Structure formats: C-alpha cells, structure tokens
Amino acid sequence: MRRGAITRAAVLKTIAEYDQLGRSKFLARYGFSEARSYNLLHEGREYDSKAVAGVAHKWDHGRALLPKEFSGGKDHAAAWLKRAGFEIKAVKNPDWARDEIIMACHLVMANGWKGLNASDRRVIELSGLLQLMPIHAETDRNEKFRNPNGVARKTFDIATRHPDYPGKPTNGGALDAEVLHEFLARPAEMAEVAQLVRHGITAGDLQTLPLDDDENLDYSAPEGRLLMSRHKRRERNKDLRKKKIAAVLKQGGALACEACGFDFEEVYGDRGSGYIECHHVVPLHEAGEGRTKLSDLALICANCHRMIHRRAPWPTPKELGNLIENRRGAVARIPSQPSAEAAEPATGPL
Ligand SMILES: [Zn+2]
Ligand SMILES: [Zn+2]
C-alpha cells in the first residue's frame, strides 16, 4: 500500500469509529499511544492524529498501519491529514527559545526582578510581540501559544531563578537560568539585544527572516537566532561583498584573509581569483537596522570565518590572527621532539 494516500472519506469513517469506541479503546485496539505532537481537530473535538491517520489506511488499503510503520518525522500523519483537508493543531507549544527568553528576561529586569501578572499591559504587549516572532512554525503552535498567562508564568520562572530570590525556583529550564545570568553579568548589552529584537519585530525587519536550522548548527551567539540570522544575511549580501572587494583592490590591497593571510588566488590560481568572504565585525548587540558600511566588513577566508562564528564570544579577525600566530609559534618549537616527526604527512605511494 502507498502510505499516506488516505482519503477524506476514510478519515471520517475512522473518526466515527473513534467516537464510538472512545479514545482509550480506540488507541488500544490499534496499538497506538496518545499523540504527543499533533491532534486532529474536527467539529470542535480533538483526535490523536497518528492513530487516526494510521487507521484510515484500513478503509483505503485494506489494513491499518502499525505505529512502527510511521517512518521518522513527527509530522507525517499531520501532513497526510492536512492533505485530506483536515485541521491540525499542536498538542503542546514549543519550548521557549533563547530569543524569547531574552525578551521576557528584559521585562523582568525592568520590573525590578519581579514576576508580572497576566493582566499587566506590558505582559499583554510582549505576548503580542512573541506571537509575531518567526522562531516557531505556525503548525507547531496551538491557540495558547505565548498567551499572556504563559508569558506571565515565564516571568515568574525567571524571577524565582534570581540569586536574591529567597524561595525555591518555580519552574522553567536551564536556558532560563543561563539567559538570566547573562543579563546579570552584562545588563546593558543584553538590554540592547532585547531592544534590537523588539525594534526589528515591530518594524517588520526581523519578522520575515528565514531561519535555516541546518545552517545554524555551526553558529553560536548569546544574542539569539534572530540577530544572528540578520548578521548572516548582511554578510551574504552579494552587492556589499562586491563593493568591499572593489574598494580593497582600488586601494591596492590584496584579497587575503585578515586573520590568517590566506589568499585564494595564490593557492587555487584562476579558480580562486577574486574570491574571499566578508565578515561583519560590528557586535550583534550594536548592529542596528541601519545600513552596513564597508568599514563594518572584514575580508576573511572560509575557514577563519567558520572558526569566528563557531563559539561565542566571537573573536575579531585580529584576535583570531593573534591566536593563529601564537599557535604557529608553539608548533614551530615542536620539531625537535620525535612525536612531531611521526605526525609528518606520509609521502609514500597511495
Ligand atoms: Zn583565514
Ligand atoms: Zn561572519
């Protein structure tokens, strides 16, 4: 049978069976457990999406799918049901991301490190802002997503993690505590970050930012994903890169990495001619919505660029250059030791 090829009629028959048996009997009959990711919404009632999608196969293909026949991806069943014209909703809202916690923490700080109530207008305003942030996909949210109650609860989770709070922390995760301690260590900088995100969302600039999960794997910044993505978008701006390269060449400079001196043309010949990456040197919490100036960009090779972004805090190209110099100095002192000889690349035939 072709998995996922289910019709609306089959789903409706399955829903009827579900209603007749009741939830626990229905799930037990077909060996499914309660849905953890998505529910199917039909005529005001909720159904376990995976079980319904699996059992619907019975009508279209002669037998129900077993739970283990759902290969990977938590949203397969949801996608099939949506294709058949049904409404899907997330069972549970996603965990708070760093960007969101930064916004909540900023509010708690402004309130003298005390939690705020759901009726507080600042909580209501923040709730609206969080709902506009492009961090979580619409399909992963349900109707309670970052509502004033949830936001108020988060402010108490953060406030009760403050070192001066006399009682026990209410709840919340390790990330709450991490962000809180960043605020305590660098209050001005973190407040600046929160302001930038707020302006970016209100102005729409950060609202439409595509967030690519894969590409963020090698990137780390305490300022959160939104500002980091804007930073990357600036660096990738082709026109800007062209202008920077032209300006450097016009001044008689070479297209060499400002950290390690690597020159693509020197190593790769024609293939590398004219190639270099640009790194935006202005710290995330200082780079506002304004235009990027050519002096904000540094020429950097692909390796050094990766190494700068790999871990926060990001070194400047000069700092990374010093690190490379120090390493080179250390390596240069090693050759007298026998272990370094063994590390020489093999020169024999392959
Ligand atoms: Zn380099
Ligand atoms: Zn960069």
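Predicted model, so just to flag it, every value in this text is computed and none were measured.

A.B. asks: Lay out helix 13 (residues 302-310) with the relevant residues and their values.
C.D. replies: Looking only at helix 13, the buried set comprises C304, H305, I308 and H309. One face of helix 13 carries all of its buried residues, which in axial projection span an arc of 130°. Looking at the buried positions of helix 13, the neighbouring elements they touch are helix 10 (225-236), strand 4 (277-280), strand 5 (297-300) and helix 14 (317-332).

A.B. asks: Provide a residue-level description of the coordination of the zinc ion (ligand 2), including the pertinent values.
C.D. replies: Octahedral metal centres with six donors ideally show angles of 90 or 180 degrees, and tetrahedral centres with four donors ideally show 109.5 degrees. Of the protein atoms, only E235 (OE), E235 (OE), H279 (ND1), H305 (NE2) and H309 (NE2) coordinate the zinc ion (ligand 2), at distances of 2.0 to 2.6 Å. Binding-site remark: the zinc ion (ligand 2) is held by donors from one chain whose sequence spacing is E-x43-H-x25-H-x3-H. Linking E235 in helix 10 with H279 in strand 4, this pair joins segments that are 44 residues apart in sequence.

A.B. asks: Outline the coordination of the zinc ion (ligand 1), listing residues and values.
C.D. replies: Around the zinc ion (ligand 1), the protein contributes the donor atoms C257 (SG), C260 (SG), C301 (SG) and C304 (SG), at 2.2 to 2.4 Å from the metal centre. Angles of 104 to 114° at the metal separate the 4 donor atoms of the zinc ion (ligand 1), which places the site in the tetrahedral class. Along the chain, the residues donating to the zinc ion (ligand 1) are arranged with the sequence spacing C-x2-C-x40-C-x2-C. Pair noted here: C260 is in the loop between helix 11 (238-250) and helix 12 (264-268) and C301 is in the loop between strand 5 and helix 13, with a separation of 41 residues, a long-range link.

A.B. asks: Describe the pairing of strand 2 (residues 45-48), naming the residues involved and giving the relevant values.
C.D. replies: Of the pairings in the sheet, the one linking strand 1 (residues 38-42) to strand 2 comprises 4 bridges and is antiparallel in character. Bridging across to strand 2, L41 finds its partner in E46. If you look at the hairpin formed by strand 1 and strand 2, you'll find 2 residues sitting between the two strands, and E43 has a positive phi there, around 45°.

A.B. asks: Quick one: what's the story with the domain arrangement of the protein chain, residue by residue and with numbers?
C.D. replies: Size of an interface: often given as the accessible area lost when the parts come together. Examined at the domain level, the protein chain breaks down into domain 1 (8-90), domain 2 (98-208) and domain 3 (228-328). Placing the centre of domain 1 and that of domain 2 at their C-alpha centroids yields a distance of 35 Å. On the side of domain 2, 5 residues touch domain 1, which itself brings 5 residues to the contact. Together domain 1 and domain 2 conceal approximately 400 Å² of surface at their shared face, both sides included; 38% is due to carbon and sulfur atoms. Interface area lost by domain 1 to domain 2 is led by Y38, K89 and A90, which between them contribute 78%. For the salt bridge of E143 with K89, the shortest nitrogen-to-oxygen distance reads 3.1 Å. Scanning the region where domain 1 abuts domain 2 turns up 3 residue pairs in polar contact (both at pLDDT 80 or more). Taken together, the residues of the side of domain 1 that touches domain 2 sort by class into 2 nonpolar, no polar and 3 charged.

A.B. asks: How would you explain the sheet that holds strand 1 if you had to name every residue and give the values?
C.D. replies: Overall, antiparallel pairing links the 3 strands, which are arranged 2-1-3 in an open sheet. Of all the strands in the sheet, just strand 2 and strand 3 (87-90) have a single pairing partner and so form its edges. Going across the sheet, the axis of each strand differs from the next one's by a mean of 40°, ignoring polarity. Lying over the sheet, helix 1 (residues 8-21) contacts strand 1 and strand 2, oriented at roughly 100° with respect to strand 2.

A.B. asks: Please set out the packing of aromatic side chains residue by residue, giving values where relevant.
C.D. replies: A full pass over the atoms with the stated rule returns 9 aromatic pairs. Centre to centre, the rings of F26 and Y30 are 5.4 Å apart; their planes meet at 55°, and the pair counts as tilted. Of the two residues, F26 and Y30 are both situated in helix 2 (residues 23-30); the distance of 4 residues between them amounts to about one turn of the helix. In this structure F26 comes out as buried when scored by relative accessible area, which is 0%. On the accessibility criterion, Y30 (14% relative accessible area) is buried. In this structure an aromatic cluster arises from ring pairing among Y18, F26, Y30 and Y47.

A.B. asks: So what's going on with the packing of helix 5 (residues 98-110) against helix 9 (residues 187-203)? Which residues, and what values?
C.D. replies: Taken N-terminus to C-terminus, the directions of helix 5 and helix 9 make an angle of 120°; their axes are 9 Å apart at the nearest point. Taken together, the axis directions place helix 5 and helix 9 in an arrangement best described as oblique. In the crossing of helix 5 with helix 9, the sense of the turn from one axis to the other is left-handed. For the pair helix 5 and helix 9, contact is made by I102, M103, H106 and M109 and by P187, M190, A191, V193, A194, Q195, V197 and R198, respectively.

A.B. asks: Lay out the nonpolar core with the relevant residues and their values.
C.D. replies: Generally speaking, soluble globular proteins have nonpolar side chains that are buried together. Within the largest apolar cluster, 36 residues are counted, with the highest numbers of intra-cluster contacts made by M103, L126 and M133. When contributions to this core are tallied by element, the ones reaching two or more residues are helix 5, helix 6 (121-132), helix 7 (148-159), helix 8 (174-185), helix 9 and helix 10. Considering every element that reaches this core, the biggest residue donor is helix 5, with 7 residues. When residues no more than four places from it in sequence are discounted, the contact partners of L126 are M103, A104, L107, V151 and R198. Counting residues in each nonpolar core, the second largest holds 28 residues, with L27, L40, A64 and W80 among its members.

A.B. asks: Quick one: what's the story with helix 4 (residues 76-83), residue by residue and with numbers?
C.D. replies: Within helix 4 the residues assigned to the buried category are A77, A78, W80 and L81. Buried residues of helix 4, seen end-on, are gathered within an arc of 160° and therefore sit on one face of the element. For helix 4, the elements touching its buried residues are helix 1, strand 1, helix 3 (49-61) and strand 3. Looking one or two residues beyond helix 4, the residue adopting positive phi is G85, at roughly 90°.

A.B. asks: With reference to specific residues and values, describe unusual backbone geometry.
C.D. replies: The residue E43 is not glycine, and still its phi comes out positive at about 45°. Not every positive phi belongs to a glycine, and R146 is a case in point at roughly 45°. By secondary structure assignment, the location of R146 is in the loop between helix 6 and helix 7.

Cut-offs used in this document
Counting restarts for each chain, with residues numbered from 1 along the sequence as it is written. Each chain takes a letter, starting from A, and each ligand takes a number, starting from 1, following the order in which they are written. Restriction of local features to residues with pLDDT of at least 70 applies here, the model being predicted, together with a cutoff of 80 or more for giving and counting side-chain atom pairs; totals for whole chains, interfaces and linings are based on all residues. As a rule here, side-chain values cover all heavy atoms of the structure and leave hydrogens and water aside. Exposure categories follow from relative accessible area, calculated using a 1.4 Å probe and restricted to protein chains: below 20% of the type maximum is buried, above 50% is exposed, and the middle band is partly exposed. For helices the rule is a DSSP run of H or I covering at least 4 residues; for strands it is a run of E covering at least 2, with both sets numbered from the N terminus onward. Directions drawn from the helix axis to the C-beta atoms are what define this arc. We call two residues contacting when some pair of their heavy atoms lies within 4.5 Å. Metal coordination here is assigned from N, O and S atoms located within 2.8 Å of the ion, or within 3.2 Å for Na, K and Ca; omission of water means that sites may look incomplete. Irregular is the label for any site that misses the other tests, which are tetrahedral for four donors with all angles between 85 and 135 degrees, and square planar for four donors or octahedral for six when opposite donors exceed 155 degrees and the remaining angles lie between 65 and 115. Strands are labelled as partners when DSSP assigns at least two bridges between them. Note that the domain bounds reflect an automated or database-derived domain assignment. By buried area we mean the combined loss of accessible area, with a 1.4 Å probe, across both parts when two parts are placed together. Any carboxyl oxygen of Asp or Glu that lies within 4 Å of a side-chain nitrogen of Lys or Arg is treated as forming a salt bridge with it. In the analysis that follows, any N or O atom pair within 3.5 Å is treated as a polar contact, provided that within protein one partner can donate a hydrogen and the other can accept it, and provided that, for residues neighboring in sequence, both atoms belong to side chains. Think of it as three bins: nonpolar holds Ala, Val, Leu, Ile, Met, Phe, Trp, Tyr, Cys and Pro, charged holds Asp, Glu, Lys and Arg, and polar takes everything else, Gly as well. Simply put, an axis is a line fit to the C-alpha atoms, just over the touching stretch for a helix, and the angle between two N-to-C directions goes from 0 to 180 degrees. The criterion for an aromatic pair is that two Phe, Tyr or Trp rings (for Trp, the six-membered ring) have centres within 6.5 Å, with stacked assigned to planes under 30 degrees apart, edge-to-face to planes over 60 apart and tilted to the rest. Any angle that is under 35 degrees is reported as roughly parallel, and any over 145 degrees as roughly antiparallel; angles of 65 to 115 degrees are reported as roughly perpendicular and all others as oblique. Less than a right angle of anticlockwise turn of the near helix away from the far helix marks a crossing as left-handed, whereas a clockwise turn marks it as right-handed. Among buried residues, those of type Ala, Val, Leu, Ile, Met, Phe, Trp, Tyr and Cys that are joined through side-chain atoms within 4.5 Å constitute a nonpolar core.

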